[in-house]
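Spelled out, the chains give:
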Amino acid sequence: MPRKMVIRKDGNPHSLSQVVAANEEELQELVKENPDILPFEEYGFTGPLMIVGRETTLPSGSVDLVGLARSGDVLIIEFKTGPQNPDFRAAVAQLLDYGSDMWGMSYDEFGNTVAVRYFASNRCKDKNVCRKTSLTDAQLSVWPDMKNDECIAFNERLTKQLETDSFHYLLVASHFTRPVERTIEYMNHIAPSVSFYAVELVSFAGDGLSAYETRGLVKPASP
């Protein structure tokens with residue numbers, strides 16, 4: 001049964017019903033323009049998230065989104081509209097392929113081949129990072145209150161994650177089946193050095209309005 005929500009606009013209630021996302025592009029654009037819609041605090045990250053890659057070309061393919069948390073943690077994000085996609089669980093393998101492409105990059109290599117390339121592209125619409133020529137410049141623009149010791153910790157954390165492949169992998173979809181959730185839980189169990197998350201992103205529409213809701217379904221067990 002589709003979920004429903006009621007929102008108020010100009011004091012009037014409007015009933016919205018859950019609808020199927022038109023395509024992955026719709027979900028990608030929503031998160032790219034509004035990255036804080038993802039449940040970062042629930043996952044222990046401090047926002048706002050800095051998007052440093054969108055359809056970034058890597059040897060194994062094009063990763064949907066790459067983001068950095070204020071801590072320096074790397075988030076690799078893949079989108080699927082739902083379990084109707086025959087390759088839905090293969091998206092987990094896609095995420096690992098992208099991680100293997102970035103594994104072993106230096107801080108400067110990641111900054112130049114992923115972040116700065118995105119900042120200079122037409123895909124970048126965030127005025128905080130567009131046309132920035134270094135990851136450091138973008139970092140201080142997104143988090144202007146970041147102190148020097150925090151900048152050092154950010155750089156060290158990012159460098160370590162690139163060296164050790166200890167990335168955070170997020171699979172975002174409008175609906176997950178239990179077998180897919182189980183696969184992601186299993187990956188967290190057998191590969192504790194990396195982290196896998198399942199995020200449900202649901203679209204609602206009605207009365208000429210639209211809305212979106214996210215829910216964190218799967219995350220690594222707390223240490």
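Fair warning: this is a prediction, and the values are worked out from it, not measured in the lab.

Engineer: Mind showing me how you'd approach the packing of aromatic side chains here?
Structural biologist: Given two aromatic rings, their pairing is described by the distance between the two centres and the angle made by the two planes. For the structure shown, the criterion picks out seven aromatic pairs. Arranged with centres 6.3 Å apart and planes meeting at 85°, the rings of F167 and Y169 form a pair that is edge-to-face. Accessibility assignment for this pair places F167 and Y169 in one class, buried. Joined through ring pairs, the aromatic side chains of F40, Y43, F45 and Y197 make up one cluster.

Engineer: Would you take a moment to explain the packing of helix α3 (residues 107-119) against helix α4 (residues 135-142) for this structure?
Structural biologist: Each packed pair of helices is defined by two parameters, the angle between the axes and the distance between the axes. α4 packs onto α3 with a crossing angle of 65° between their chain directions and a minimal axis gap of 9 Å. Residues Y107, F110, G111, A115, V116 and F119 of α3 form the contact with α4, whose participating residues are L135, T136, A138 and Q139. Broken down by class, the residue content of the contact of α3 with α4 amounts to seven nonpolar, three polar and no charged.

Engineer: Explain the nonpolar core to me, please; I cannot follow it from the model alone.
Structural biologist: Within soluble globular proteins, side chains that are nonpolar generally end up buried alongside one another. Counting residues in hydrophobic clusters, the biggest one holds 67 residues, and the most contacted among them are V52, F110 and L135. Considering every element that reaches this core, the biggest residue donor is α3, with seven residues. Ignoring anything within four residues of it in the chain, the contact list for V52 reads V66, G67, L68, F110, V114, A115, Y118, F119 and L135.

Engineer: I keep staring at helix α5 (residues 148-164) and nothing clicks. Help me out?
Structural biologist: Think of an α-helix as turning once every 3.6 residues; residues three or four places apart then point the same way. A rise of 1.5 Å per residue sets the reference length of α5, with its 17 residues, at 24 Å; its end C-alpha atoms lie 24 Å apart and thus fit the reference within 8%. Looking one or two residues beyond α5, the residue adopting positive phi is D165, at roughly 60°.

Engineer: Help me understand unusual backbone geometry, please; the structure alone is not making it clear to me.
Structural biologist: Glycine aside, residues mostly have negative phi, and peptide bonds are mostly found in the trans state. Although it is not a glycine, R131 adopts a positive phi angle of roughly 70°. Of note, R131 is situated in the loop between α3 and α4. Residue class for R131 comes out exposed when judged on its relative accessible area of 52%. One non-glycine residue, D165, lies in positive phi territory at about 60°. Position of D165 among the secondary structure elements: in the loop between α5 and β6 (168-173).

Parameters at a glance
Residues numbered from 1 in each chain as written. Predicted model: local features only at pLDDT ≥ 70, side-chain atom pairs only at ≥ 80, totals over all residues. Heavy atoms only, no water. Phe/Tyr/Trp six-rings, centres within 6.5 Å; stacked < 30°, edge-to-face > 60°. Buried < 20%, exposed > 50% of the residue type's maximum accessible area, 1.4 Å probe, protein only. Axes fitted to C-alpha atoms, helices over the stretch in contact; angles between N-to-C directions. Helix = DSSP H or I, 4+ residues; strand = E, 2+ residues; numbered from the N terminus. Contact = heavy atoms within 4.5 Å. Nonpolar A, V, L, I, M, F, W, Y, C, P; charged D, E, K, R; others polar. Core = buried A, V, L, I, M, F, W, Y, C linked by side-chain atoms within 4.5 Å. Expected span 1.5 Å × (residues − 1).

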